[in-house]
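Fold and contact review
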Amino acid sequence: MIPAEAGIQNATAQRNNDVEKGSMMKFERNILCIGAGYVGGPTMAMIAYKCPQYRVTVVDINPERIRQWNSSNLPIFEPGLEEVVLACREKNLFFSTDIEKGIKEAEIIFVSVNTPTKSFGAGAGMAADLQYWEKTARQIRDCAESPKIVVEKSTLPVKTSLAMERILSGENDRVYFDVLSNPEFLAEGTAIKDLENPDRVLIGSHETKRALKAREVLVEIYSNWVDREKIITTNLWSSELSKLAANAFLAQRISSINAISALCEKTDADIGEVATAIGMDSRVGDKFLRASVGFGGSCFKKDILNLVYLCRYYGLNEVADYWEGVVRINDYQKDRFVLNMLNAMFNTLAGKRICLFGFAFKANTGDTRESPGIFIARELVEEQAELVITDPEALENARVDLKDIEQHITYLDDPYEAAEGSHAIAVLTEWELYRDLDYERIYQSMMKPAFIFDGRNILDHRRLFAMGFNVFPIGKAPLTHF
Ligand code: NAD
Ligand code: UDX
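Re the domain arrangement of the protein
Examined at the domain level, the protein breaks down into domain 1 (3-226) and domain 2 (241-482). Distance between the C-alpha centres of domain 1 and domain 2: 33 Å. In this assembly, 19 residues from domain 1 lie in contact with 21 residues from domain 2.

Structure follows, in structure tokens:
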């Protein structure tokens, strides 16, 4: 059991008592979140969980999503989330499609709608698509009948809060809006732990007396469970930019180690040993130095491209080129992985059965947005391979992502069945369960020569080699029998 889950279970009994009492009293604050996605759902569940004195409502335009949040089958898989939601739902946590009513009743509105990369018009493929965010801003303006604190939770380009203020202040002079920036730093798979014990909470605001008062309301909400020293306050633009820059720095570490992994493969250096040697320098630190098949997820690529777009907009082309390189190396790493497979397997994959262990962009989530698995599966099918994909949580999303090439893919829950009869296994997600499989049994069931491409370096490569596998890790010399 992860510590956050243990803490949550211990606290639940006490909390239920408080909520029972809470149901008798008037809630101290009425909080709304627009957008019931990966961020809105867990974030609001944590606020409701930690603050039984507040009423928290999460709304979304997608009725199916809301139905799932109200069901026993939550729309996202996240360790510890179910316990938190079940402890508060229908007590002080509500999921609804009635956005108008939500806006009217709330005094604090978090906006957590999606801000994907724009796929059309100016800035296509780079800039953030702000259409969902702008619709929300207009809806808040049109429905509000009393003053609101509007909190940007979505990741947005610098100066978006200025646009938000302009939209909110037009045509509704009955109501005053305070806009705050409060970017979210949770990572999927560890969202509950991150929310319960964040490294920091960042709140950006103007410096006027009124804005500082609004900021204090948000500080007070978080300080129900987060130490005051961890709640940092900045101006609005620093807050917005810090979120983009933080993701760029994290992704840059992965691209740095992945770039070195390519050199390791040419020189017989071992990326694990190199990463340890680098990471033991306390100025560098050891986190986010795991070489991999490439980073995925809904945030890194989108946010870096957004940063690159902003830099170009301000004429900072050298800065833009620098950060764009992080995405270029990530694409290169995914390309390299497929090319290594092709080279190792005698330059033809046509008609070969290849089994993908994992499709989620990382372990402990069912999310497949920007997963390296999507690119790799498409490239392998392009080479006329037949794919079998297994993943404990992500098969439903994989089916949607690869719908157009479904005739070349079989989806199986059981990794043993998935590997049976295949020429190669490619480990794409670092699920713990893949470490402990009976690889003797798997080897016996595969075509020979049998290959393993470990895109996450989670397996015992020497042991697999001794069993008969040809083993291709990332950033280490391959172990082959020919
Ligand atoms: P998501 O796609 O999972 O959820 C967004 C939700 O907003 C969807 O359910 C959508 O139906 C809803 N929505 C869109 N327009 C709406 C409208 N006008 N009214 C009501 N609902 C509307 O996205 P997400 O992953 O939760 O990300 C939300 C924001 O948070 C993004 O800006 C993202 O960059 C940022 N963020 C995400 C993560 C993450 O790990 N996913 C982490 C930090 C920050
Ligand atoms: C990221 C940020 O970590 C989080 O702070 C932000 O709020 C949202 O974006 P997320 O994308 O959910 O979170 O997961 P993260 O753990 O950062 O992993 C992103 C990708 O990088 C995954 O594909 C992961 O497998 C990969 N990764 C991570 C590596 O390849 N090597 C590493 O050392 C770490």
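Resuming the write-up.
Observations regarding the site of ligand 2
Around ligand 2, the structure places 19 residues, and the nearest of them are R290, S292, F295, G297 and C299. Looking at the shell around ligand 2, the element that brings in the most residues is helix α10 (residues 236-267), giving three residues. Grouping the amino acids of the shell around ligand 2 by side-chain chemistry returns eleven nonpolar, four polar and four charged. A domain-level breakdown of the shell around ligand 2 finds at least three residues from each of domain 1 (3-226) and domain 2 (241-482).

A look at the site of ligand 1
Contacts to ligand 1 come from 26 residues, most closely from G35, G37, Y132, S154 and T155. Here the shell around ligand 1 is built from residues that sort into ten nonpolar, eleven polar and five charged.

A look at the pairing of strand β9 (residues 353-357)
Judged by how many residues are buried, β9 sits mostly within the fold: four of five residues are covered. The pairing of β9 with strand β10 (residues 386-390) spans five bridges and is classified as parallel. If you follow F357 over to β10, its bridge partner there is T390. The parallel pair β9 and β10, bridged by helix α14 (residues 372-382), forms a crossover whose chirality is right-handed.

Quick look at unusual backbone geometry
A cis amide bond links K448 to the next residue, P449, at an omega of -5°. The phi angle at D268 is positive, at roughly 65°, despite the residue not being glycine. Looking at the element boundaries, D268 is found in the loop between α10 and α11 (271-279). Positive phi outside glycine occurs at N457, with the angle close to 50°. Examined against the element boundaries, N457 turns out to sit in the loop between β13 (451-454) and α18 (461-467). We classify N457 as buried; it has 21 C-beta atoms within 10 Å.

A closer look at the sheet that holds strand β12 (residues 424-427)
Spatially, six strands are ordered β11-β10-β9-β12-β13-β14 in an open sheet, and the strand pairing comes out parallel. Strands at the two margins of the open sheet, each flanked by one partner only, are β11 (409-411) and β14 (470-473). Across the sheet, the mean angle from the axis of one strand to that of its neighbour is 20°, orientation sign disregarded. Judged from the four bridges that link them, β13 and β14 form a sheet pairing that is parallel. Opposite I452, over in β14, you have V471 as the bridge partner.

About the criteria used
Residues numbered from 1 in each chain as written. Chains lettered and ligands numbered in written order. Predicted model: local features only at pLDDT ≥ 70, side-chain atom pairs only at ≥ 80, totals over all residues. Domains from an automatic or database assignment. Contact = placed C-beta atoms within 7 Å. Near = placed C-beta within 6 Å. Helix = DSSP H or I, 4+ residues; strand = E, 2+ residues; numbered from the N terminus. Nonpolar A, V, L, I, M, F, W, Y, C, P; charged D, E, K, R; others polar. Buried ≥ 20, exposed ≤ 12 C-beta atoms within 10 Å, placed from the backbone. Pairing = 2+ DSSP bridges. Right-handed = clockwise from strand over helix to strand, strands pointing away. Axes fitted to C-alpha atoms, helices over the stretch in contact; angles between N-to-C directions.

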